[in-house]
Amino acid sequence: MTTDEPSNRLNTKAAGIIGLAVMCSRLLGLLREQIFAALFGGGLAMDAFTAAFRIPNLLRDLFAEGALSMAFVTTFSKTIARGSDEDAWRLANKVATMTASVLGVLCIFGMVFSPELVALLAPGFDPDKAALTAHLTRIMFPFILLVSLAALVMGMLNAKNRFGVPAMASSFFNIGSIVGGVLLGFWIDPHFGPRALIGLAFATLIGGGLQLAVQLPSLARLGYRFRPDIHWRDPGIKAILLLMGPAVIAASTTQINVLVNSMFASTLGDGAIFWLAIAFRLMQLPLGLFGVALGTVTLPLLSRLVVGGKTQEFRSELARALRWGLLLTLPSMAGLMLLAEPIISVVYQHGKFNAEQAAQAAGALRFYAIGIGGYAALKVLVNAFYALDRRKTPMLVSFVAVGLNLILNWIFTFRLGWGHRGLAFSTGCVATFNFLLLYFLMQSQLKGLESRRLLSMLARLALAIVPLVAVCVASSHWLLADWQHQALLPKIAALLVTVIAGAGLFAASGILLHIEELKELRDAFMRRLRR
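To keep things clear, this report deals only with the structure shown in the data block. (Residues numbered from 1 in each chain as written. Predicted model: local features only at pLDDT ≥ 70, side-chain atom pairs only at ≥ 80, totals over all residues. Heavy atoms only, no water.)

## Remarks on the packing of helix H3 (residues 85–112) against helix H4 (residues 114–121)
Where H3 contacts H4, the axes come no closer than 5 Å and their chain directions differ by 75 degrees. The orientation of H3 with respect to H4, classified from their angle, is roughly perpendicular. Within the contact between the two elements, H3 uses Gly110, Met111 and Val112 and H4 uses Ser114, Pro115, Glu116 and Leu117. Residue composition of the contact of H3 with H4, grouped by class: four nonpolar, two polar and one charged. (Axes fitted to C-alpha atoms, helices over the stretch in contact; angles between N-to-C directions. Helix = DSSP H or I, 4+ residues; strand = E, 2+ residues; numbered from the N terminus. Parallel < 35°, antiparallel > 145°, perpendicular 65-115°, else oblique. Contact = heavy atoms within 4.5 Å. Nonpolar A, V, L, I, M, F, W, Y, C, P; charged D, E, K, R; others polar.)

Structure (structure tokens):
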């Protein structure tokens, strides 16, 4: 996608490009965790690495790809919409300078106080495990600075309707992490004991640097040149900071809840944190393909519509994006829930990662999948609230969601004894609750959100999913009946046949049931095929 011409309609082509790029990144992320799980297993070592990476990674989601990115893209897009590229570049320089300064200081504090952070965020770790986690955290903390700058560059490119390169950037993070992690880990300890995790930690920084570097040539071609600018008394900076405060909470409810889950999981013995992490990663595959793509495309579009005062078009495009998000993720939910065990086995059950660990991760995946539709819709809805400058609404809803997650964690994990599965179920329930509440609030704000049309689509979607469910159930009793004892290649073949058959029947059923969005997808595919 290379055109700079603004469009007042949801760009499904751009969403498709982003979706494919994000899917590539998600697959590489899976490969990364698959290799690390095979080398280190699914117990103490990967628990320590996952918890250590999660500390700077949480800050990434709160600032880089959460509040900072959302606030910056909203303000930057509005500046461009007012017709001033020069003003937009000046704003970008101020934000980049401020980000590098503030996060540089934050990195120093994080590295110094990493033992205290680990004690706070993983209270169930024993002293040796906590010490290992703190050492890894200290190495990886600068990752937040690299990835925050990468997110700013991504935001500038997206606002200028460049979507492909930014979406592919995270793939280079995974490539750097995999290649660097394996080589450095082997150099430190050829047997890949806990000491080899130091190599993985340094490789995380290599990956973060690559994620930033690959985007810079595209930005330079647009005419941007970085010049340090410490004059932060600027209306644009003020607007970004005002948006960021509430967004730190509102845009990252899911990640905050995942962190809370990790705190609970640290008390459940070795492996629970990593099982939850890989289950969440698999759940993010369809979310990355559809939800993230729609969220990325809709934010600049909705911001332009607000600047233009086009309320009716805003309502229409928001409703359309929500329908697309639910249409493309709810079938994935059914598939992940029904095929969780063989999927986890195919992806992760290699090397030191054994069958028992695979079964534990599959239990978490099944419950995480419950919230996948809510996650996708939230990506769109939260952006819409910020485009309308109603940033306090998602913030207040997020407060409620975090509190609800704490209560549900305690009930499902300790009162009902579901262990890490209860944590995953709580996260899925909270995501769905968060979406429903924000949806009704947005509907009230816009005095309508084509709800009747959405409900009609959901009813037909439920019917279209029935054949997909039937295929998965039949495969579980036939092709995958003995999956625990199948060799890898036959198991992969059986899964592929099941997924392709289920997806095909779902698409055919949806078209017969006159789901308009599926017809659009079919027509777009046929046009591309004819070309």
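Now that the structure has been shown, the text picks up again.
## Focus: the pattern of salt bridges
Applying the stated criterion across every chain, the model contains 11 salt bridges. Between arginine 320 and glutamate 317 there is a salt bridge, with the nearest N and O atoms lying 3.9 Å from each other. Residue arginine 320 and its partner glutamate 317 are both found in helix H13 (residues 311–338); the two are separated by three residues, about one turn of the helix. The salt bridge partner of glutamate 516 is arginine 453, with a shortest N-O separation of 2.8 Å. Placement of glutamate 516 in helix H21 (residues 516–530) and of arginine 453 in helix H19 (residues 451–476) is noted, with a sequence separation of 63 residues between them. (Salt bridge = Lys/Arg side-chain N within 4 Å of Asp/Glu carboxyl O.)

## Digging into a nonpolar patch on the surface
A grouping of Leu268, Ile407, Trp410, Ile411, Phe414, Leu416 and Trp418 is seen on the molecular surface, where their side chains present a nonpolar patch of about 650 Å² in accessible area. Note on placement: isoleucine 411 falls in helix H17 (residues 392–415). A relative accessible area of 30% places isoleucine 411 in the partly exposed class. (Patch = residues over 30% accessible without salt bridge, like charges linked within 9 Å, V, L, I, M, F, W, Y side chains within 5 Å. Areas by Shrake-Rupley, 256 points an atom, 1.4 Å probe, with all protein chains shown as cover. Buried < 20%, exposed > 50% of the residue type's maximum accessible area, 1.4 Å probe, protein only.)

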